[in-house]
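# Observations on the model geometry
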Amino acid sequence: MNKKIRKVTTHISQNEVLLFERSSAGKKAYELPPLDVPEVDPAKLLGAQARQDLGHMPEVSEVEIIRHFTRLSTWNYAVDHGMYPLGSCTMKYNPRVNEAVARLTGLAEAHPYQPERISQGALRILKMLSEQLIEITGMDAITLQPAAGAHGELTGILLVRAYLESLGNPRKKVLIPDSAHGTNPATAAMAGYAVENLKSNAAGMVDIASLVAQVNEDVAALMLTNPNTLGVFEQEIHKIAEVLHAKGALLYMDGANMNALVGKTRPGDFGVDVMHLNLHKTFSTPHGGGGPGSGPVACKKILEPFLPSPVVVTKPDGTLGFDYNRPQSLGRVRMFYGNFGMHIRALAYIMANGPDGLRQTTEDAVLNANYIRKGLEGAYDLPYKTPTMHEVVFSDHIQSQKGIKTGDIAKRLIDYGFHPYTVSFPLVVHGAIMIEPTESESKESCDMFIEAMKDIAEEVEEHPEFVLEAPHNTRISRLDETMAARKPILRWKPQSEAVGK
Amino acid sequence: MRYLPKSESDREVMLRQIGAKSIDDLFAAIPPEYRLKGDLKIPRAYAESEIVEFFRDCATGSAQGYATFLGAGAYSHYRPVVIDSLVSRGEFFTAYTPYQPEIAQGTLQSIFEFQTMICELTGMDVANASMYDGSTGAAEALMMAARLTGRHKSVVASSVHPEYREVITTYARYQGMPISTVAYSKNGRVDLSALEKGIDNETAGVLVQSPNFFGAIEDVAAIADLVHKKGALLIVSIAEAVSLGIVKPPVEADIVSMEAQSFGVPLGFGGPYCGVMATHDKFVRQMPGRLVGQTLDRNGKRGFVLTLSTREQHIRREKATSNICTNQALVALMCSIFMTVYGREGLKDLAKQNLAKAHYAAGEFKKAGATLLFEGAPRFNEFVIQTKTDSYAINDKLLGQRIIGGFPLKKFYPDLGNASLWCCTETTAKASIDAAAKQVAL
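Quantities reported herein were computed from a predicted structural model and do not represent experimental measurements.

## Some details on the sheet that holds strand 4 (residues 179-182) of chain B
All names here are of chain B. Overall, mixed pairing links the seven strands, which are arranged 2-8-7-6-5-3-4 in an open sheet. With one partner strand each, in any of the chains shown, strand 2 (126-127) and strand 4 form the two edges of the open sheet. Strand direction decides the pairing type here: strand 7 (residues 255-259) and strand 8 (residues 275-279), joined by five bridges, are antiparallel. Bridge assignment links Val-256 to a residue of strand 8, and that residue is Ala-278. Contacting strand 5 (203-209) and strand 6 (233-238), helix 9 (residues 220-229) crosses the sheet at an angle of about 150 degrees to strand 6.

## Quick word on the packing of aromatic side chains
All names here are of chain A. With the rule as written, the count across this model stands at 39 aromatic pairs over all chains. Arranged with centres 6.4 Å apart and planes meeting at 55 degrees, the rings of Phe-336 and Tyr-337 form a pair that is tilted. By relative accessible area, which is 0% here, Phe-336 ends up buried. Judged by relative accessible area, which is 7%, Tyr-337 ranks as buried. The ring centre of Tyr-30 lies 4.5 Å from the NZ or CZ of Lys-28, which sits over that ring.

## Regarding the side chain of Arg-189 of chain B
Locating Arg-189 of chain B in the fold gives a position in the loop between strand 4 and helix 8 (192-198). It turns out Arg-189 of chain B is buried and unbridged, and the closest side chain with the opposite charge, Asp-219 of chain B, is 4.6 Å from it. Excluding residues that lie within four positions of it along the chain, Arg-189 of chain B makes contacts with Gln-49 of chain A together with Tyr-184, Asn-212, Ala-216, Ile-217, Glu-218, Asp-219, Ala-377 and Pro-378 of chain B.

## Observations concerning the sheet that holds strand 11 (residues 371-373) of chain B
Spatial strand order, 11-12-15-14 (chain B): four strands in an open sheet with antiparallel pairing. Among the strands making up the open sheet, the edge pair consists of strand 11 and strand 14 (407-408) of chain B.

## Examining the packing of helix 11 (residues 329-368) of chain B against helix 13 (residues 430-440) of chain B
Think of two packed helices as two axes; the pair is described by the angle between the axes and how far apart they sit. Residues and elements named next belong to chain B. Viewed as axis vectors pointing N to C, helix 11 and helix 13 meet at an angle of 30 degrees, and their least axial separation amounts to 8 Å. Judged by the angle between their axes, helix 11 and helix 13 are roughly parallel. The crossing of helix 11 and helix 13 is right-handed. In this structure, helix 11 uses Lys-357, Tyr-360, Ala-361, Glu-364, Phe-365 and Ala-368 to contact helix 13, whose residues at the interface are Lys-430, Ile-433, Asp-434, Ala-436, Ala-437 and Val-440. Classifying every residue of the contact of helix 11 with helix 13 gives eight nonpolar, no polar and four charged.

## Details of the interface of chain B and chain A
With 192 residues of chain B at the interface, the matching set in chain A holds 200 residues. It is Glu-102, Tyr-174 and Phe-269 of chain B in chain B that bury the most area against chain A; as a group they hold 6% of the surface buried on that side. Close ionic contact of Lys-264 of chain A with Asp-24 of chain B constitutes a salt bridge, the shortest N to O distance being 3.4 Å. Linking chain B with chain A are 82 residue pairs in polar contact (both at pLDDT 80 or more). Here the side of chain B that touches chain A takes 24 residues from helix 11 of chain B, the largest share from any one element. Residue classes in the side of chain B that touches chain A are distributed as 94 nonpolar, 48 polar and 50 charged.

## With respect to empty space enclosed by the protein
Taken as a whole and assessed by the stated rule, the structure comprises nine cavities of 30 Å³ or more. For the largest cavity, the calculated volume is near 250 Å³. Taken together, 22 residues make up the lining of the largest cavity; nearest its centre are Gly-341 and Arg-345 of chain A together with Pro-266, Pro-272 and Met-334 of chain B. Contributions of two or more residues to the lining of the largest cavity are made by helix 4 (96-102), helix 5 (105-108) and helix 11 (340-376) of chain A together with helix 11 of chain B.

## Let's talk about the pairing of strand 9 (residues 292-296) of chain B
Residue and element names in this part refer to chain B. Here strand 9 runs beside strand 10 (residues 302-306); their pairing, made up of five bridges, is antiparallel. Note on strand 10: the bridge partner recorded for Thr-295 is Gly-303. Remark: five residues form the turn of the hairpin made by strand 9 and strand 10, two consecutive strands paired antiparallel; Gly-300 in that turn has positive phi of roughly 80 degrees.

## Topic: the layout of surface pockets
Of the voids in this model, the largest pocket is the one considered here, and its volume is about 1300 Å³. Around the largest pocket, the lining comprises 48 residues; the ones closest to its centre are Thr-422 and Val-423 of chain A together with Tyr-99, His-314 and Ile-315 of chain B.

## Overview of the pattern of salt bridges
In the structure shown here, the tally under the stated rule is 52 salt bridges over all chains. Between Lys-248 of chain B and Glu-252 of chain B there is a salt bridge, with the nearest N and O atoms lying 3.0 Å from each other. Accessibility expressed as a relative area gives 33% for Lys-248 of chain B, which makes it partly exposed. Owing to a relative accessible area of 23%, Glu-252 of chain B belongs among the partly exposed residues under this scheme. Here the salt bridges do not stand alone but share partners, grouping Glu-99, Arg-103 and Arg-345 of chain A together with Arg-79 and Asp-84 of chain B into one network.

Conventions and cut-offs
- Residues numbered from 1 in each chain as written.
- Chains lettered and ligands numbered in written order.
- Predicted model: local features only at pLDDT ≥ 70, side-chain atom pairs only at ≥ 80, totals over all residues.
- Heavy atoms only, no water.
- Pairing = 2+ DSSP bridges.
- Helix = DSSP H or I, 4+ residues; strand = E, 2+ residues; numbered from the N terminus.
- Contact = heavy atoms within 4.5 Å.
- Axes fitted to C-alpha atoms, helices over the stretch in contact; angles between N-to-C directions.
- Phe/Tyr/Trp six-rings, centres within 6.5 Å; stacked < 30°, edge-to-face > 60°.
- Buried < 20%, exposed > 50% of the residue type's maximum accessible area, 1.4 Å probe, protein only.
- Lys NZ or Arg CZ within 6 Å of the ring centre and 35° of its normal.
- Lys, Arg positive; Asp, Glu negative; His and termini not counted.
- Salt bridge = Lys/Arg side-chain N within 4 Å of Asp/Glu carboxyl O.
- Parallel < 35°, antiparallel > 145°, perpendicular 65-115°, else oblique.
- Left-handed = near helix turned anticlockwise from the far one by under 90°.
- Nonpolar A, V, L, I, M, F, W, Y, C, P; charged D, E, K, R; others polar.
- Buried area = accessible area lost by both parts, 1.4 Å probe.
- Polar contact = N/O pair within 3.5 Å; in protein donor to acceptor, adjacent residues only side chain to side chain.
- 1 Å grid on protein atoms, 1.4 Å probe; cavity = no way out; pocket = protein on both sides within 12 Å on 5 of 7 lines; lining within 4 Å.
- Points joined across faces, edges and corners; volume = space filled by probe spheres on them.

See below:
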């Protein structure tokens, strides 16, 4: 281990087999209460539909379950361990009070179809979160139904489509800058639009002249991430909106990077017509190893009639309820009302911050990114010199002279006790190193990260082969991903069956 | 602000280092006319104690202390305590998608185990790492069938959850995928002759739910025969996962789209839940969603990675199998722990209790004078009754006794009059069933 590594040291890590390899007949981890109604004979009630056995489902005891999953958990890196600077993912601290309130019995055990009379508290949460997100984005209306960011994108583009259809022509295509997330083009395709690529200019921003040339009556919308995936604020955003609006097209904003804007500026004010938010990024709901997320979609008045059904309304008697009578609605995008558990957490986060806390959060996020940018300039190539906001994109241009790629530097960073940055994205930067520290990092932790990155840059010069072999201190070394894809093993099978096949 | 680890002097030092005079220098890219001049109009910062108090107030009077007969796509099962103690470990819930496998083996191995258990329960070869939920999963399954067959039409049974069908309508509208609906027969199951007529040589996928929205278990083998004869694919949606403990898995299906909420996921007023898709090996490359596979590291040690990602949006962009990115990993972990707690024997015992309670309730309701609808089809833990009185009026009376009655079907099936859908799980007490039986007679 490099003596310069300050953040971590090695420690004993428990091995653990698969659940199925720990199973043996007769072990159990449950006890059902005695049945208070007569026993039934499944074979008699279900006939041919009765199931005979449950195959290789595990049989283990409770203590083994606790140890199994606890051991597994120790193999993960998490925000709770330290800086997790995955660009565009906004890995910020997940406040514990959010978890506590989301688990309150009256909320956690509320059935989505329980009478509205006993759901007033839940409805109040939906209404308050809606109002506060509308204020934060500067929009007029919102739906909390989408389950995640990409689901919100689909909802947003369907809103655009429903609106344009109501005017008589849904139009044919959606413009997407080359720096966009992969979800944007996939979304446009799902909404039945052709995708047209929009090139960025030398500063990494939308090129207004190209935009003017490309926008015509066939264009339904531009999907724009702002700040974009280079962390750059589209300075001419209002002009972009004007160009689109002049031709009857709309501006969709991917709100993935809203952590750079909250409390400082509002998309609704600078011309955005519709946008989604990622509650699991900006609003601190946990990423959970890949989900759940939540992707509310906020929009301007003109799009409101088309929002998914139902919406929360105040009824004549002053109580809250759901309104399903929405004749122009684009329909439903998910059953029930969305990921309510995430709505609770996001509201708790906004309440904990207040207006000044939200603004300070944004300022600290931008401060950290710029501090890291300053600290690493020179050691790493900075392809775009444009001012950056909450994240900064370097490239492996210098290190690749020695045969070291962004992915290798990332692996070495693991040895230094950090989760890697985002590797090879955005695609507009060859060998991208995309760093988003978020506001959750102290000055000391930013310093330690800068130091680690600089040490790695030195190692690349002196011992490139050592970096190429990283990580050195993890419980497993680099995995053979090609083998995984060529001969997929996607489930466990008992030895006999696995060999037989 | 208690979540921010900086002092004012830290900020000053950092600004100086950057070469900025004030924090506003870093926001100079935002045109001045669009910079917020004052505070956002949201309430002041709350203390943690105030936040807890606010949400406690919201929680009061909701759900707690009520017996419930609601199912209809969201089921009330007991959640073993170990679930929350394990998913509350920060190593699980504050981690991201496992893109760096060397430091994400915990998440990866647990997903691999989840995929395996879903395969065991559904009888399919391969399952993905999860989808948003059962409704969007069903829509994605129909789109997958269209890709696999090169055909464009879909047929959906009217006994599929009505909200699933609404979501499917939204998804299908711009995919050039016309959807037709097939009615249910007298016993609540799909009308097989109508189904046969409904499928033609342009039909890509047929979607049924089993147990269906009325609680009836479909004859999946018979349906599969009809569907396969016409060269279409059969998708079986399962909304009540606990049924798999005692009901034959839909092995004749081509794709199984499941909502696994019943496996230890809180009702939570409708979400987050856990969709998951399973299919045969030969179809895996058209399946959406993340997949975890087993492989070896440089020293020959077993490990797990995300794999077959060339199906996904970050590689394929507009040509991807779906735009899905985020999934329900933490909720899938809840399901995995639940499936492990009950395991091979417990899932059967648990399902048997559900079966017994619903059977008892249906008998008592009938004795009390309600009419049982759709008799003749096997059912799991839900059944439909027809009453003389309006189902909402019955529920109003029950609510006074702190009982949440069955789901009034007129909301989605106006033809069914006062019919309502009742669900009993292992948590439903005999005393509540007996109390409810008294009201449904009226």
